[in-house]
Amino acid sequence: MNYDVIIVGAGPGGIFSAYELAQMDNRLKIAVFEAGVPLKDRHCPIDGKKVKSCIKCKTCAIMNGFGGAGAFSDGKYNITNDFGGTLYEYIGKEQALELMRYVDDINTSHGGEKTRMYSTAGTQFKKVCLQNKLKLLDASVRHLGTDINYVVLEQLYDELKDKVEFHFNTPVDSLERTEDGYRVHYNGQSADCKKCIVSVGRSGSKWMENICRELDIPTKSNRVDIGVRVELPAVIFSHLTDELYESKIVYRTEKFEDNVRTFCMNPYGIVVNENTNGIVTVNGHSYEDTEHQTENTNFALLVAKHFSEPFKDSNGYGESIARLSNMLGGGVMVQRFGDLIRGRRSTRQRISESYVTPTLAAIRRSGQGKAQYCRKDSGRISYPYPCRHARRLESGTSETDSGRYHGDDLRTG
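Everything in this summary refers to the structure shown in the same document.

Here is what the cut-offs are and how they apply
- Residues numbered from 1 in each chain as written.
- Predicted model: local features only at pLDDT ≥ 70, side-chain atom pairs only at ≥ 80, totals over all residues.
- Heavy atoms only, no water.
- Helix = DSSP H or I, 4+ residues; strand = E, 2+ residues; numbered from the N terminus.
- Rg over C-alpha atoms; globule rule 2.2 N^0.38 Å.
- Contact = heavy atoms within 4.5 Å.
- Areas by Shrake-Rupley, 256 points an atom, 1.4 Å probe, with all protein chains shown as cover.
- Lys, Arg positive; Asp, Glu negative; His and termini not counted.
- Charge placed at Lys NZ, Arg CZ, Asp CG, Glu CD.
- 1 Å grid on protein atoms, 1.4 Å probe; cavity = no way out; pocket = protein on both sides within 12 Å on 5 of 7 lines; lining within 4 Å.
- Points joined across faces, edges and corners; volume = space filled by probe spheres on them.
- Nonpolar A, V, L, I, M, F, W, Y, C, P; charged D, E, K, R; others polar.
- Patch = residues over 30% accessible without salt bridge, like charges linked within 9 Å, V, L, I, M, F, W, Y side chains within 5 Å.
- Salt bridge = Lys/Arg side-chain N within 4 Å of Asp/Glu carboxyl O.
- Axes fitted to C-alpha atoms, helices over the stretch in contact; angles between N-to-C directions.
- Parallel < 35°, antiparallel > 145°, perpendicular 65-115°, else oblique.
- Pairing = 2+ DSSP bridges.
- Phe/Tyr/Trp six-rings, centres within 6.5 Å; stacked < 30°, edge-to-face > 60°.
- Buried < 20%, exposed > 50% of the residue type's maximum accessible area, 1.4 Å probe, protein only.
- Polar contact = N/O pair within 3.5 Å; in protein donor to acceptor, adjacent residues only side chain to side chain.

1. Digging into the overall build of the chain
(1) Moving on: Looking only at helices and strands, the chain features 12 helices and 18 strands.
(2) Moving on: The C-alpha radius of gyration of the chain comes to 22 Å, within 12% of the 22 Å expected for a compact globule of 413 residues.
(3) Moving on: For the C-alpha atoms alone, the extent of the chain along its principal axes is close to 65 × 50 × 50 Å.
(4) Moving on: Taking the intrachain contacts of the chain between residues at least 6 apart in sequence as the baseline, contacts between residues at least 24 apart amount to 74%.
(5) Moving on: In the form shown here, the chain has an accessible surface area of approximately 20,300 Å², with 49% of it arising from carbon and sulfur atoms.
(6) Moving on: Charge separation in the chain, taken as the distance between the mean sites of 55 positive and 53 negative side-chain charges, equals 7 Å.

Pasting the structure below:
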């Protein structure tokens, strides 16, 4: 088969590449190869009853498929240069913001028109944060919610399916240069194209690393973010989330002067499992529909690690910590903050007596087996983390919680 353009990966990068190409020239022959399934077929088997923990499906329905890893996310779209990437380094800050607004226009014209845009502009919380040794980063945030985000993706697919060939359940094995472009190898077959766009996301990072090596494409080691997901009663942060929804707050630790930051805040949301290359981690979802909301808010608390030469495998470093956590906890681990600072594990009884009920289905309903609160001899979230990272996360938690309620707040990792 021959195409003008082949796109590898049907996450946001692949979807919007296909969208732009189809808008630019409807005569182009475009194909998208995706390891996962169509959007309508993406269903995680974990229900907390029959299936209580990750069973490591061939392709994770949460991480792979049309829409990518963000298909069931909170549906937050940040318009800012302060975080979320370094596109501005290549095209300039103003053009980067223009492109972000353009993407927002596409989202709102495909089902997200009734959703709200939040902003940090003029908020009193900038002053409050600075008075407490914190920094609130500037951003405008479009919150679609997990439910409306699905609608947007659904409408984009409906618009593209007659203009673009989608090949689902078709992981690409390798790429090679040809005289006229590129050859894509998959399932014992191949397809040629003049141009090839690779957008495989986090789950395809190892594969992409090999492709770059084979094609002699220079790479550099990016930072890796390591942390935990914090879950606490929604009323504690409601003064922030009601006005800003998503607040990126940075704290600089006193001992090491390292930055700890909040990320991916999900007001009235849930914590969910994810499987990336066999590693079980957690993420947060939140719905626009009040019927699906909970009494908890969750957010990630992250520290960034930058590596210098000669080390380049930053993803491998992060994965090794996640694998160790899985090994120690038999899956993800959950710990009360009060137990963390006391250096003890969180038992089922301690969590059941807590004021915070975990929303992670495999934790909340499971009576035995994997993904329990904590195993007998390995129930401390600090165990998998290097000492400096563990201290930074503990310090950052104390500051962002401002001493309120934090003993019963949950840490999942």
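Next comes the rest of the account.
2. Points about empty space enclosed by the protein
(1) Moving on: Applying the stated criterion across every chain, the model contains one cavity of 30 Å³ or more.
(2) Moving on: Of the voids in this model, the largest cavity is the one considered here, and its volume is about 110 Å³.
(3) Moving on: Considering the residues around the largest cavity, the lining is formed by 14 residues, among which C44, P45, C54, C60 and N275 are closest to the centre.
(4) Moving on: Per-class residue counts for the lining of the largest cavity are nine nonpolar, three polar and two charged.

3. With respect to a nonpolar patch on the surface
(1) Moving on: The grouping of L87, Y90, I91, L99 and Y102 at the surface amounts to a nonpolar patch, some 480 Å² of accessible area in total.
(2) Moving on: Of all the elements in the fold, those that place two or more residues in the nonpolar patch are α2 (88-91) and α3 (93-112).
(3) Moving on: For Y102, the location among the structural elements is in helix α3.

4. A word on the packing of α3 against helix α5 (residues 145-160)
For any two helices packed against each other, the geometry comes down to the angle between their axes and how far apart the axes lie.
(1) Moving on: Contact pair α3 / α5: the axes reach a minimum separation of 8 Å and the direction vectors enclose 95 degrees. Regarding the angle of α3 to α5, the classification is roughly perpendicular. Across the interface between the two elements, I106, N107, S109, H110, G111 and G112 from α3 touch I148, V151, V152, Q155, L156 and E159 from α5.
(2) Moving on: Partitioned by chemical class, the residues of the contact of α3 with α5 number five nonpolar, six polar and one charged.

5. Re the sheet that holds strand β10 (residues 189-198)
(1) Moving on: Read across the open sheet, the six strands follow the order β7-β2-β1-β10-β9-β8; overall the sheet is mixed. This sheet does not close on itself; its edge strands, each paired only once, are β7 (165-167) and β8 (174-177). Each strand of the sheet is rotated relative to its neighbour by a mean of 40 degrees, with strand direction disregarded.
(2) Moving on: With six bridges joining them, strand β1 (residues 2-8) and β10 adopt parallel strand pairing.

6. Some remarks on the sheet that holds strand β4 (residues 116-119)
Sheet strands pair via backbone hydrogen bonds, and the direction of the pair is either parallel or antiparallel.
(1) Moving on: Read from one edge of the open sheet, three strands run β3-β6-β4, paired in antiparallel fashion. One side of each edge strand has no neighbouring strand; the edge strands of this open sheet are β3 (76-79) and β4. Ignoring which end each strand starts from, the neighbouring axes of this sheet average 25 degrees apart.

7. Some thoughts on the packing of aromatic side chains
(1) Moving on: Summed over the entire model, instances satisfying the criterion amount to nine aromatic pairs.
(2) Moving on: Considering the side-chain rings of F33 and Y186, the 4.8 Å spacing of their centres and the 55 degrees angle between planes classify their relative orientation as tilted. Residue F33 is located in strand β2 (residues 30-33), and its partner Y186 is located in strand β9 (residues 182-186); the two are separated by 153 residues in the primary sequence.
(3) Moving on: Accessibility expressed as a relative area gives 4% for Y186, which makes it buried.
(4) Moving on: With centroids separated by 6.2 Å and ring planes inclined at 55 degrees, the aromatic side chains of Y157 and F168 adopt a geometry described as tilted. Pair noted here: Y157 is in helix α5 and F168 is in the loop between β7 and β8, with a separation of 11 residues, a long-range link.
(5) Moving on: Judged by relative accessible area, which is 25%, Y157 ranks as partly exposed.
(6) Moving on: Among the aromatic residues, ring-to-ring pairing joins F66, Y157, F166 and F168 into one connected group.

8. Things to note about the side chain of R42
(1) Moving on: With respect to the secondary-structure elements, R42 resides in the loop between β2 and β3.
(2) Moving on: Here R42 occupies a buried position and makes no salt bridge, while the nearest side chain of opposite charge, E34, is found at 6.8 Å.
(3) Moving on: A distance of 2.8 Å separates a polar atom in the side chain of R42 from the backbone oxygen of N64.
(4) Moving on: Setting aside chain neighbours within four positions, we find R42 in contact with V37, A61, I62, M63, N64, G65, F66, G67, G68, A71 and F72.

9. With respect to the packing of helix α1 (residues 12-24) against α3
(1) Moving on: Running from N to C, α1 and α3 cross one another at 90 degrees; their axes reach a closest spacing of 13 Å. Overall, the two elements α1 and α3 adopt an arrangement that is roughly perpendicular. Each of F16, Y19 and E20 in α1 lies in contact with α3, whose residues at this interface are Y102, V103, I106, N107 and H110.
(2) Moving on: A class-by-class count of the residues in the contact of α1 with α3 yields five nonpolar, two polar and one charged.

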